[in-house]
Every structure is written in C-alpha cells, then in structure tokens.
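Here's the letter readout for the chains.
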Amino acid sequence: MVVDLQGKPQDNKKPSAETLLHTSLYARDHSIGAILHTHSFNSTLITLLTDESCLKLEGYELLKAFKGISSHEEVKILPIFDNTQDIASLADQVIEYLNKGVFCWGYLIRGHGVYAWGEDMPSALRHLEAIEYLIQCEIEIMRLKGKK
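Residues numbered from 1 in each chain as written. Predicted model: local features only at pLDDT ≥ 70, side-chain atom pairs only at ≥ 80, totals over all residues. Heavy atoms only, no water.

Caption draft 1: Summary view of the overall build of the chain. The helix and strand tally for the chain stands at four helices and five strands. Start at the N end of the chain and walk to the C end: the helices and strands fall as α-β-α-β-β-α-β-β-α. Taking 2.2 N^0.38 as the reference for a compact globule, 148 residues should give roughly 15 Å; the C-alpha atoms of the chain span a radius of gyration of 16 Å, in line with that estimate. Along the longest, intermediate and shortest principal axes, the C-alpha atoms of the chain span 55 × 30 × 25 Å. Within the span of the chain, comprising 148 residues, buried residues form 44% of the whole. The long-range fraction of contacts in the chain, counting pairs at least 24 apart against all pairs at least 6 apart in sequence, stands at 60%. Treating the 15 positive side-chain charges of the chain as one cloud and the 20 negative ones as another, the clouds have centres 3 Å apart. (Helix = DSSP H or I, 4+ residues; strand = E, 2+ residues; numbered from the N terminus. Rg over C-alpha atoms; globule rule 2.2 N^0.38 Å. Buried < 20%, exposed > 50% of the residue type's maximum accessible area, 1.4 Å probe, protein only. Contact = heavy atoms within 4.5 Å. Lys, Arg positive; Asp, Glu negative; His and termini not counted. Charge placed at Lys NZ, Arg CZ, Asp CG, Glu CD.)

Caption draft 2: Fine view of the packing of helix H2 (residues 41-49) against helix H4 (residues 121-146). Relative to each other, H2 and H4 sit at 45 degrees, their axes nearing to 9 Å. For the element pair H2 / H4, the angle class is oblique. The chirality of how H2 crosses H4 is left-handed. Contacts between H2 and H4 involve Asn 42, Ser 43, Leu 45, Ile 46 and Leu 49 from the first element and Glu 132, Ile 135, Gln 136, Glu 138, Ile 139 and Met 142 from the second. Of the residues assigned to the contact of H2 with H4, the class counts are six nonpolar, three polar and two charged. (Axes fitted to C-alpha atoms, helices over the stretch in contact; angles between N-to-C directions. Parallel < 35°, antiparallel > 145°, perpendicular 65-115°, else oblique. Left-handed = near helix turned anticlockwise from the far one by under 90°. Nonpolar A, V, L, I, M, F, W, Y, C, P; charged D, E, K, R; others polar.)

Caption draft 3: Focus on the side chain of Glu 138. With respect to the helices and strands, Glu 138 occurs in helix H4. Buried charge without a partner: Glu 138 forms no salt bridge, and the closest opposite charge is Lys 145, 7.4 Å away. If sequence neighbours within four positions are ignored, Glu 138 has contacts with Ile 46, Leu 55, Lys 56, Leu 57 and Tyr 60. (Salt bridge = Lys/Arg side-chain N within 4 Å of Asp/Glu carboxyl O.)

Caption draft 4: Structural context of helix H3 (residues 87-98). With twelve residues, H3 should cover 16 Å at 1.5 Å per step; its first-to-last C-alpha distance of 17 Å lies within 8% of that length. Of all the positions in H3, only Ile 87, Leu 90, Ala 91, Val 94, Ile 95, Tyr 97 and Leu 98 are classed as buried. One face of H3 carries all of its buried residues, which in axial projection span an arc of 160 degrees. Looking at H3, the residues exposed on the side facing more than 90 degrees away from the buried face are Asp 92 and Glu 96. Close packing links the buried residues of H3 with helix H1 (19-28), strand E3 (75-81), strand E4 (106-109) and strand E5 (113-118). (Expected span 1.5 Å × (residues − 1). Arc of directions from axis to C-beta.)

Caption draft 5: Inspection of the sheet that holds E4 at higher detail. The five strands lie next to each other as E1-E5-E4-E3-E2, forming an open sheet whose pairing is mixed. This sheet does not close on itself; its edge strands, each paired only once, are strand E1 (34-38) and strand E2 (54-58). Shown here is a sheet whose adjacent strand axes are inclined to one another by a mean of 20 degrees, direction ignored. The strands that H1 touches are E1, E4 and E5; relative to E1, the one it contacts most, it runs at about 155 degrees. Across the sheet, H2 is in contact with E1, E2, E3, E4 and E5; its angle to E4 comes to roughly 65 degrees. (Pairing = 2+ DSSP bridges.)

As structure tokens, this is what we get:
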C-alpha cells in the first residue's frame, strides 16, 4: 500500500501500526530505498539477553557486508531501543539517535525484532541477513561463555 512520509494512507487501506518506523527513516535520509523488518527469533532473543542499549559487533569478517565498512577490524554498533506502543515516540528516538551522527544500517527493538535498510532492496536484504547472522553468532558466544 502507499502512504505518505507521515504514514497517512493514500487509499482506503489501513497501514501497519509500525508504519512511522519506516517513513521516518525515508524522510530523514532520501538515499534509503528499502527498509526491512523481521520478528525473528534471534533478533528478539538477543535484546532480552542484555540490558545494554546497543549490541557491539567487532572482529567479524562479515562486517564488510555493511556498506561503508571495509575491514573486520571496524566496530559496528547496533542500537537497541526499548519497545513501546507509542510508535511516534519510538520513531523520534530512532531519528534522534541517528541524528547524533551514528553510522548504522539497522537497529533492534527489545523483545520485538530488527529493522534494516539500504539504498535498494538487495542492499537492505544484505544488511538484514548480516545482522541476523551476527546476532546468531553473538547468542552462541553468550551460550558458550556461560558454560565456562
């Protein structure tokens, strides 16, 4: 369906309750051509395993899947926002975070899932798949460290 950048439908259909989480990103950055959102098991679980406000990803070769990263030595910060039913407020929090100059291609919502974006659908999908894989690695590291 088609909505404007304020999330208002352009026909008689009802948009998702989370539409503003998409449209606010499109309004902020016109180079974004696609945004993907999943409620995957791992992206939901990782946010419930930590009280941190971000997930720090470093040392992974796969970090190079993110546009703008050319080395496994770089650090990728994936912000985690607390879930709320006040989607407008959550969208504002995301934009406020990004306006601080943070370079990222996605974020997590605690107990909810992941959002990832890119210049087009293939790059958004590449970013999403990389995030999902790296989260799976982080969960496995947590599990293995817990066995020490």
